[in-house]
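Here is what each chain is made of, one letter per residue.
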Amino acid sequence: MSIKIGLLGMGTVGTGVVQILTDPSGRHPLLQEIEIVRIGVRDATKPRSVGLDPQTFTTDLASIVNDPSIQIIVEVMGGLEPARELILQAIGNNKHIVTANKALLARHGEEIFELAKRHQVYVMLEASVGGGIPIVNVLKQFLGANRLTGILGIINGTTNYILSRMHQEGGNFSEILADAQRLGYAEADPTADIDGFDACDKIAILASIAFSERIPLSEVSREGIRHVSTTEIATASRLGYVIKLIARAQLVSQGIEIGVYPMLIPVEHPLAAIGGVTNAIAISGEPIGEVVFAGPGAGQGATASAVVADLINVCALLSSPGHPLLTCSHSGYAQVVAPRENKFYARFTTLDQPGVIGELGTIFGRYSVSLETVFQQNRSGDIAQVIVITHRVREIDFWQSVAKIKELPTLQEVGAILRVL
Ligand code: NAP
Ligand code: HSE
């Protein structure tokens with residue numbers, strides 16, 4: 001069975017989606033059922049990095065949502081209009097929707113989801129929050145047994161990327177922002193990221209799913225990162241904190257407290273270690289306690305992964321019989337192979353005499369085992385412990401060099417060999 005889809009937009013995210021769909025080998029078998037019928041863009045003559053028939057592209061996006069052969073619309077064009085109008089039209093034509101458009105859902109979710117309910121179609125939104133982190137489906141499906149009480153997270157990749165680099169290098173705000181834009185993390189208008197609008201959209205979406213109630217966006221408190229200077233970052237650092245743009249939604253007895261603010265986080269807090277474009281989201285609930293999800297929060301591949309996961313879900317629901325995501329889709333055993341390369345830690349007990357470390361180094365070198373670290377510790381009498389950490393090397397080379405080292409008259413014992421991640 002072939003499932004026909006149309007894309008609205010093929011920029012950063014859309015290109016990632018098409019790359020996955022046109023190279024399905026090794027991914028979920030259902031991807032082979034998906035056929036891209038049309039892609040709507042602003043400029044159909046623009047050279048594209050994917051090798052699709054130029055006839056696939058059109059600037060007439062209405063023709064896609066009105067095409068009776070198309071079953072699923074993937075909206076990755078962004079913005080409020082004409083995305084909203086096109087999605088409503090598609091739903092009116094009984095098409096399922098997969099969208100990454102948090103700005104649209106946070107503002108017009110009610111209208112879109114109510115129409116979808118009437119037409120009995122799905123509106124899937126995994127990519128709208130957390131980039132590649134599958135947080136929406138976790139909240140919708142896998143934490144359903146819990147009474148959820150709180151969400152705490154870093155959910156804007158661009159600001160986390162900027163703040164992390166400011167912490168590391170004290171760098172220039174606009175230069176770092178330009179890098180985030182070049183890497184495809186930032187929104188078309190970076191104000192959405194910098195001033196916290198994007199994180200507000202996302203926390204409103206997450207909270208509405210977690211607490212099963214709509215969240216009026218106007219009531220989400222918002223503070224961006226423009227006023228976070230390198231002075232604040234350095235001072236916070238001296239006091240044992242890092243500054244992060246934190247989104248928070250908490251169930252309290254009177255309702256839900258919800259907002260986005262730059263906050264000082266103690267360095268030992270798990271969110272303090274989340275650097276770059278990575279997002280992390282901690283969900284609290286009863287009885288589960290706290291679960292934390294982390295991963296790339298923006299960018300082409302990560303976001304496309306979430307879009308395509310939604311596509312697979314809808315395809316699974318459209319295909320019959322049974323539910324292909326819940327039934328077994330295996331037809332054979334995998335070819336399991338031994339690890340070919342690793343980084344190693346080794347501790348050698350040796351005589352403490354001149355030339356021993358040199359002998360070890362020479363043998364490793366002879367077998368192309370490059371060393372990252374060599375040091376000696378715990379000298380006792382004429383015995384020393386020599387610790388070696390290698391670079392990533394071929395397993396066979398490493399084990400052959402260890403066999404040779406074992407022949408050294410100065411070697412007393414191979415104390416330990418461990419692999420290093
Ligand atoms: P983008 O790179 O700017 O791509 C937008 C695409 O939509 C382009 O192909 C553009 O056509 C087309 N388009 C835009 N407006 C159009 C219009 N009025 N008529 C016809 N075509 C139109 O955007 P993106 O970064 O991929 O983001 C897409 C969506 O994903 C947004 O909702 C964004 O918030 C969301 N998102 C992005 C990321 C990310 O990391 N980038 C992560 C999560 C979610 P042309 O190619 O001809 O210009
Ligand atoms: N601009 C967004 C961010 C893209 O930086 O997180 C992912 O939603």
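Preceding this section is the structure that the text describes.
Here's what I pulled together on the structure shown here. Each residue is numbered by its place in its chain's sequence as written, counting from 1. Whichever chain is written first is A, and whichever ligand is written first is 1; the rest continue in order. Per-residue local features of the predicted model are confined to residues with pLDDT of at least 70, and side-chain atom pairs are confined, for both listing and counting, to 80 or more; whole-chain, interface and lining totals are unaffected and use all residues. Note: side-chain values were computed over all heavy atoms of the structure, leaving out hydrogens and water.

## Examining the nonpolar core
The test is simple: Definition of nonpolar core: a set of buried residues of the types Ala, Val, Leu, Ile, Met, Phe, Trp, Tyr and Cys, connected through side-chain atoms within 4.5 Å. Note on classification: 1.4 Å probe, protein chains only; a residue is buried when its accessible area is under 20% of the maximum for its type, exposed when over 50%, partly exposed between these limits. Helix and strand definitions here come from DSSP, where helices need a minimum of 4 consecutive H or I residues and strands a minimum of 2 consecutive E residues; each element is numbered from the N-terminal end. Residue contacts are defined here by distance: any two heavy atoms, one from each residue, within 4.5 Å place the two residues in contact.
The biggest cluster of nonpolar side chains holds 68 residues, and the ones touching the most others in it are Ile91, Ile135, Leu139, Ile151 and Ile203. Per element, the largest residue contribution to this core is 9 residues, and it comes from helix H9 (residues 197-210). When residues no more than four places from it in sequence are discounted, the contact partners of Ile91 are Ile97, Ile112, Leu115, Ala116, His119, Val121 and Val123. Core analysis: the second largest hydrophobic core is formed by 33 residues, Leu30, Val50, Val98 and Met124 among them.

## Some words on the pairing of strand S15 (residues 383-390)
What counts is decided by this rule: Pairing between strands requires that DSSP locate at least two bridges from one strand to the other.
Counting buried positions along S15 yields 6 of 8 residues, so the element is predominantly enclosed. Taken together, the 7 bridges between strand S13 (residues 341-351) and S15 define a ladder with antiparallel strand orientation. Following the sheet pairing, Thr349 is matched in S15 by Gln385.

## Thoughts on the sheet that holds strand S12 (residues 289-296)
The cut-off we apply is this: Simply put, an axis is a line fit to the C-alpha atoms, just over the touching stretch for a helix, and the angle between two N-to-C directions goes from 0 to 180 degrees.
Taken in spatial order, the 6 strands line up as S8-S10-S9-S7-S11-S12 in an open sheet, and their pairing is mixed. A single partner strand is all that each edge strand has here, and the edge strands are strand S8 (221-222) and S12. As paired elements, S8 and strand S10 (residues 255-266) share 2 bridges and run parallel to each other. Residue pairing for S10: Ser221 is matched across the bridge by Gly259. Each of strand S7 (147-154), strand S11 (278-286) and S12 is contacted by helix H5 (residues 135-142), which is oriented at about 15° to S11, the strand it contacts most.

## With respect to the site of ligand 1
For the record, the criterion: For each residue, the test is whether any non-hydrogen atom lies within 4 Å of the molecule or strand; if one does, the residue is near. Any N or O atom pair separated by 3.5 Å or less is treated as a polar contact, with the protein-specific requirement of one donor-capable and one acceptor-capable atom, and with residues adjacent in sequence counted only for side-chain atom pairs. Per-residue and other accessible areas were derived by the Shrake-Rupley procedure at a 1.4 Å probe size, with only the shown protein chains allowed to occlude residues. Three residue categories are used. Nonpolar comprises Ala, Val, Leu, Ile, Met, Phe, Trp, Tyr, Cys and Pro, charged comprises Asp, Glu, Lys and Arg, and polar comprises the others, including Gly.
Close to ligand 1 lie 24 residues, the nearest being Met10, Val13, Arg48, Glu187 and Gly299. Asp43 is positioned such that a nitrogen or oxygen atom in its backbone is 2.9 Å from an oxygen atom of ligand 1. Measuring from an oxygen atom of ligand 1, one finds a side-chain N or O atom of Glu187 at 2.8 Å. In the complex, 84% of the free accessible area of ligand 1, which totals 900 Å², lies under the protein chains. For the shell around ligand 1, a count of residues per class yields 10 nonpolar, 8 polar and 6 charged.

In short, shape yes, function no, at least from these values alone.
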